[in-house]
Amino acid sequence: MKTWFTQHGRGLRAAVARFTGAPLGALFNVLVISFALALPLGFYAVLNSLQTFAGHALVDSAPQLRIYMALDADSDDIAQTDQRLGQDDNVSKVLFVSRDQALRELKQSSGLADVIDSLPQNPLPDAFIVSLREPSPAALETLRDGIQTWPHVAHVQVDSAWAQRLDALLRIGRFAVAVLATLFAAVLAAVTFNTIRLQILTQRDEIEVAKLIGATDAFIRRPLLYFGALLGLVSAGIAWLLVSGGVMLFNREFGAWTQLSGSLFRLDYPGPAAIFTLLAVAAALGWGGAWLAATRTIALLEVEYK
Amino acid sequence: MISFSHVTKRYPEGHEALHDVSFTLGAGEMAFVTGHSGAGKTTLLKLLAAIERPTAGSVVVNGQNLGALKPRAVPFLRRNFGLVFQEHRLLFDRSAFDNVALPLQIAGYSSGDIGKRVRAALDKVGLLGHERTMPIALSGGEQQRLCIARAIVHRPAVLLADEPTGNLDADYAVSIGQLFRSFNQVGVTVVIASHDQTLRAQLAPRVITLKNGGLVS
């Protein structure tokens, strides 16, 4: 057990020494990998913020259904519709706007009083404005589809259609992040693989001598694995800094503007769960890439006895 | 300790390096493997250190049949040996101390033990003052002694040397010969492949002569 700790301690120390021994080479590798990691992380941060924003917007604008009655609907039909709406558990408030009231409001607000007065008859329908207890996009849709089939209902409109569209866009975005993350994870593994392979080739002498004097493959592999994990970990750390810096800059540049326009869209920093996942996955991928390279390349290095 | 029985080694390209070689070495013996170039000296050492496997016959070291050894077991077998190479095969990116420490690190010794043993080994070969020297700054004879220090630092049961005096001046060769004798005197089995007649006269060991891959005497 003590030997195990000694061996792993040495492996880790050798990896750190190799890292700091060639800082320029290590720096470029780290940069490549950290950019590859920063892209999906940054995209994820933007998406997360949009989602939060969309969530707030949905609550604030309290999505409503507007039900437009057919022009030939009479007062009985309207009373019937009102009653049916009252029976729905999810309906919290029903506001009736009669066609005359709607025309008056239009006259006042639009400044088209002359035009409206000249119309032979009122073109506006009677309407209900319905608020819901649980205004999720799914619930809105179900209710809309239901009411659409009622008699004398001409059209049902969901107010929050834009929020729904945003929700759909976010779903596409999340899919894109997943694809992007997978691609760049492959980049990470490939860069580590290549780095470790080159390292083994430059250390050929050392590995051959070590094999001749009784080193196991595990002994030779150990510092390489730590190096791979370290490469992933440091790159993930830098990717985190890059994204945090980007978020800070964005909020400073655009935070004021969005406040002026009345919306409070701000980017959120990636949370601890995302950071932890990033660090763990990057370290594991670095380790995995190194393992592949080490296992393949060490097997190819047949001991040449001179 | 070491026993070859009817060992034949044929390389994949068809060259037969050893043919029906049999001999036995007891623990603590010193043997000189001699013969012209290409007689099979190096192949014999490679078979001993499990770098090559015999095509026919068996090589037994410490009761282990090397032909039947699993690849996983090879590193542990090699830790019984100290290898001295004609080309030294030192690592030029690290100090003399770190070169000698390598076998101990491989075997998992603690840092404290490594310090003591490495200094003892360097003292033995007369390089105690050169712990921090890089191998490139050492003379040919000093490099060879450093290689010997690395070969004996983990106190192997068997010391295998391939042309240890091949590139050295006569004076250096004598001091190397004395080192081998002193290890043999404390019980290490020593096998030297060489055609250096001065070294042979100095050590007066048992002689195994090879000719065209066959055992002459």
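Residues numbered from 1 in each chain as written. Chains lettered and ligands numbered in written order. Predicted model: local features only at pLDDT ≥ 70, side-chain atom pairs only at ≥ 80, totals over all residues.

(A) Seen up close, the overall build of chain A. When its secondary structure is counted, chain A shows 10 helices and four strands. When the helices and strands of chain A are listed from N to C terminus, the series reads α-α-β-α-β-α-α-β-α-β-α-α-α-α. Going through the 306 residues of chain A one by one, you find that 26% of them count as buried. For chain A, the share of sequence-separated contacts (at least 6 apart) that also reach a separation of at least 24 residues comes to 87%. (Helix = DSSP H or I, 4+ residues; strand = E, 2+ residues; numbered from the N terminus. Buried ≥ 20, exposed ≤ 12 C-beta atoms within 10 Å, placed from the backbone. Contact = placed C-beta atoms within 7 Å.)

(B) Up close: the nonpolar core. With 110 residues, the main nonpolar core has A:Leu37, B:Val100, B:Ala149, B:Leu159 and B:Leu160 as its most contacted residues. Excluding residues within four positions of it along the chain, B:Leu159 makes contact with B:Gly82, B:Val84, B:Ala151, B:Ile152, B:Phe183, B:Val188 and B:Val190. Judged by nonpolar contacts, the second largest core, of nine residues, contains A:Leu65, A:Phe128, A:Leu143 and A:Val156. (Core = buried A, V, L, I, M, F, W, Y, C linked by C-beta atoms within 7 Å.)

(C) Layout of the sheet that holds strand β10 (residues 214-215) of chain B. Residue and element names in this part refer to chain B. If you trace the six strands from one edge of the open sheet to the other, you get β6-β7-β8-β3-β9-β10, paired in mixed fashion. Each end of this open sheet is capped by a strand with a single partner; those strands are β6 (81-84) and β10. Relative to strand β8 (residues 189-193), strand β3 (residues 30-34) is paired through four bridges, and the arrangement is parallel. In the strand pairing of β8, Val 33 is matched with Ala 193. Relative to β8, helix α1 (residues 41-48) is tilted by about 145°, and along the sheet it contacts β3, β7 (158-162), β8 and β9 (206-211). (Pairing = 2+ DSSP bridges. Axes fitted to C-alpha atoms, helices over the stretch in contact; angles between N-to-C directions.)

(D) Focus on the domain arrangement of chain A. Domain annotation for chain A reports domain 1 (2-58 + 164-305) and domain 2 (64-159). For domain 1 of chain A and domain 2 of chain A, the distance between their C-alpha centroids amounts to 55 Å. (Domains from an automatic or database assignment.)

(E) Spatial organisation of the sheet that holds strand β3 (residues 127-132) of chain A. Residues and elements named next belong to chain A. Read from one edge to the other, the open sheet built from four strands follows the order β2-β3-β1-β4, with strand pairing classed as antiparallel. Each edge of the sheet is formed by a strand with only one pairing partner; in this case those strands are β2 (91-97) and β4 (153-158). Geometrically, the sheet is characterised by an average inter-axis angle of 20° between neighbouring strands, direction not taken into account. Where strand β1 (residues 64-69) meets β3, five bridges bridge the pair, whose relative direction is antiparallel. Following the sheet pairing, Tyr 68 is matched in β3 by Ala 127. In the packing of helix α3 (residues 75-87) onto the sheet, the strands contacted are β1, β2, β3 and β4, and the crossing angle to β2 comes to about 165°. Taken strand by strand, helix α6 (residues 137-148) contacts β1, β3 and β4, and its axis lies near 170° from that of β4.

(F) Summary view of the interface of chain A and chain B. Counting from both sides, the interface comprises 17 residues of chain A and, opposite them, 17 residues of chain B. Among the elements of the structure, α1 (2-21) and α8 (204-212) of chain A are those that each provide at least two residues to the side of chain A that touches chain B. Among the elements that make up the side of chain A that touches chain B, the one with the highest residue count is α8(A) (five residues). Here the side of chain A that touches chain B is built from residues that sort into eight nonpolar, five polar and four charged. (Nonpolar A, V, L, I, M, F, W, Y, C, P; charged D, E, K, R; others polar.)

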